[in-house]
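An overview of the molecular structure
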Amino acid sequence: MKLAALLLALCSALAQAAEPLVIAHRGASGYLPEHTLAGYELAIRMGADYIEPDLQMTRDGVLVAIHDDTLPRTTNVAELFAARNGGYRVADFTLAEIRTLTVKPTTTGAATYPGFTPASAELRVPTFDEVIALAKAQRAVAGRPVGLYPEAKQADPAMEDQLLATLQREQLTRAADRVFVQSFSDATVQSLAVKQRALGMSLPLVLLGHAITLPDGRAMMAAPGGRMLPLKDVAAYASGVGVAMANTKYPLTKAWIAQAHDAGLQVHGWTFAKLDAAAAADEYRTFLDMGLDGVFSNYSDLAVKARNAFVAGRK
Ligand code: G3P
Ligand code: CA
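We now turn to the structure provided with this report.

Rules of the game
- Residues numbered from 1 in each chain as written.
- Chains lettered and ligands numbered in written order.
- Predicted model: local features only at pLDDT ≥ 70, side-chain atom pairs only at ≥ 80, totals over all residues.
- Heavy atoms only, no water.
- Donors = N, O, S within 2.8 Å, 3.2 Å for Na, K, Ca; no water.
- Tetrahedral: all angles 85-135°; square planar, octahedral: opposite > 155°, others 65-115°.
- Helix = DSSP H or I, 4+ residues; strand = E, 2+ residues; numbered from the N terminus.
- Expected span 1.5 Å × (residues − 1).
- Buried < 20%, exposed > 50% of the residue type's maximum accessible area, 1.4 Å probe, protein only.
- Arc of directions from axis to C-beta.
- Contact = heavy atoms within 4.5 Å.
- Polar contact = N/O pair within 3.5 Å; in protein donor to acceptor, adjacent residues only side chain to side chain.
- Salt bridge = Lys/Arg side-chain N within 4 Å of Asp/Glu carboxyl O.
- Near = heavy atom within 4 Å.
- Areas by Shrake-Rupley, 256 points an atom, 1.4 Å probe, with all protein chains shown as cover.
- Nonpolar A, V, L, I, M, F, W, Y, C, P; charged D, E, K, R; others polar.

1. Digging into the coordination of the calcium ion (ligand 2)
Around the calcium ion (ligand 2), the protein contributes the donor atoms E52 (OE), D54 (OD) and E151 (OE), at 2.1 to 2.3 Å from the metal centre. Metal-centred angles of 60 to 158 degrees between the 6 donor atoms at the calcium ion (ligand 2) mark the site as irregular. Mapped onto the sequence, the donors of the calcium ion (ligand 2) take the spacing E-x1-D-x96-E.

Okay, structure coming up:
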């Protein structure tokens, strides 16, 4: 084998995770209110490898785990507070105010899960610090590593700084600490790469977006503003990409994943959201067979079952 081909094969093998990862998308969000300590804990109990806090910043500069930049979809804010600046932006409320809110179930979730009593039964918006503390505490309970997969929801240098400072303070600084940091903004991921190097950190970074295949077959990442990013350029600052796996306009393909692996990038797919067990198993199997290295799932139990069956079938 020629040296270039050997290097390519090595790169591809290194990029592909040994065992596909189960990432609890917004916690066990199909069962319990999203981004709650109870939901993260249930996902860990179900065997998820990573829990995923999406991060927003409060008015007083605290990182909290919530997907939207506004509060009403997932909390009872409108029952307790008048609107501010025409709405209910997280950035317009202090942490003390946000702590008074209750997080509501969405989609197929409920306020409780049969047979499960969480360590923290309050359905509050947690701080990032609390999510980290939960993951660390659950490592001891579960007897295995529990990873964190925070997403910077704003392309905001202040958020980048605080995210990295928090992880550094918690001594979560290297890949072995089982943390991925993700963003939809390529500028943010590039900035995080520079900043974490300056801090002596080396966490794997993940660029989120859509998997585009050009008419000539080349795989690209779609970035904000309709820009197309060649995978080798993304690989200069990221270790992986997180892509929509069921986008009808931009379907994720085996060839796209293979090109990402060749560029040295892991590929994690979002969002696995089927509740029907048979339909979910088929979907996981289809995408794991294509080479996906991780799945963002609303139903960690179904994802773990499918992943384990896939791994067992590989042996
Ligand atoms: O971060 C991966 C996936 O979670 C992206 O979707 O909108 O749920 O953050 P979203
Ligand atoms: Ca996310």
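2. A short note on helix α10 (residues 277-290)
An ideal rise of 1.5 Å per residue puts 20 Å on 14 residues; α10 measures up with 20 Å between its terminal C-alpha atoms. Turning to α10, its buried residues number three or more, namely A280, E283, Y284, F287 and L288. Viewed along the axis of α10, the buried residues span an arc of 125 degrees, placing them on a single side of the element. For α10, the exposed residues set more than 90 degrees away from the buried face come down to A278 and D282. Check the buried side of α10 and you find it contacts β12 (266-272), β13 (294-297) and α11 (300-314). Just downstream of α10 lies G291, where phi reads positive at about 115 degrees.

3. Looking at the environment of D68
Inspection of the secondary structure puts D68 in the loop between β4 (63-65) and α3 (77-80). Classification of D68 as buried rests on a relative accessible area of 15%. Excluding residues within four positions of it along the chain, D68 makes contact with Q56, R73 and V90. A distance of 2.8 Å separates polar atoms of two side chains, one belonging to D68 and the other to R73.

4. Observations concerning the side chain of T166
Within the secondary structure, T166 sits in helix α6 (residues 157-169). The exposure class assigned to T166 is buried, which follows from its relative accessible area of 6%.

5. Digging into the pattern of salt bridges
Applying the stated criterion across every chain yields a total of 23 salt bridges. The shortest N-O distance in the salt bridge between E97 and R84 comes to 2.8 Å. With E97 in helix α4 (residues 95-98) and R84 in the loop between α3 and α4, this residue pair connects regions lying 13 residues apart in the sequence. One salt bridge connects R124 with E122, and the closest N-O pair in it is separated by 2.9 Å.

6. As for the site of ligand 1
Taken together, H25, R26, E52, D54, H67, E151, K153, Q182, F184, L208, W270 and F296 make up all the residues around ligand 1. In the environment of ligand 1, an oxygen atom lies 2.7 Å from a nitrogen or oxygen atom belonging to the side chain of H67. Taking E151, its side chain carries an N or O atom lying 2.9 Å from an oxygen atom of ligand 1. Against a free-state accessible area of 280 Å², the protein chains account for coverage of 92% of ligand 1. Looking at the shell around ligand 1 residue by residue, the class counts come to 4 nonpolar, 3 polar and 5 charged.

7. Side note on the side chain of S185
Mapped onto the fold, S185 is located in the loop between β7 (181-183) and α7 (186-198). According to the relative accessible area criterion, S185 is buried, its value standing at 13%. Contact partners of S185, with chain neighbours within four places excluded, come to A155, L207 and P224.

8. Considering the environment of L134
Checked against the element boundaries, L134 lands in helix α5 (residues 128-142). Through-space distance from the C-alpha of L134 to that of L95 is 19 Å; in sequence the pair is 39 residues apart. Setting aside chain neighbours within four positions, we find L134 in contact with L37, Y40, E41, I44 and I51.

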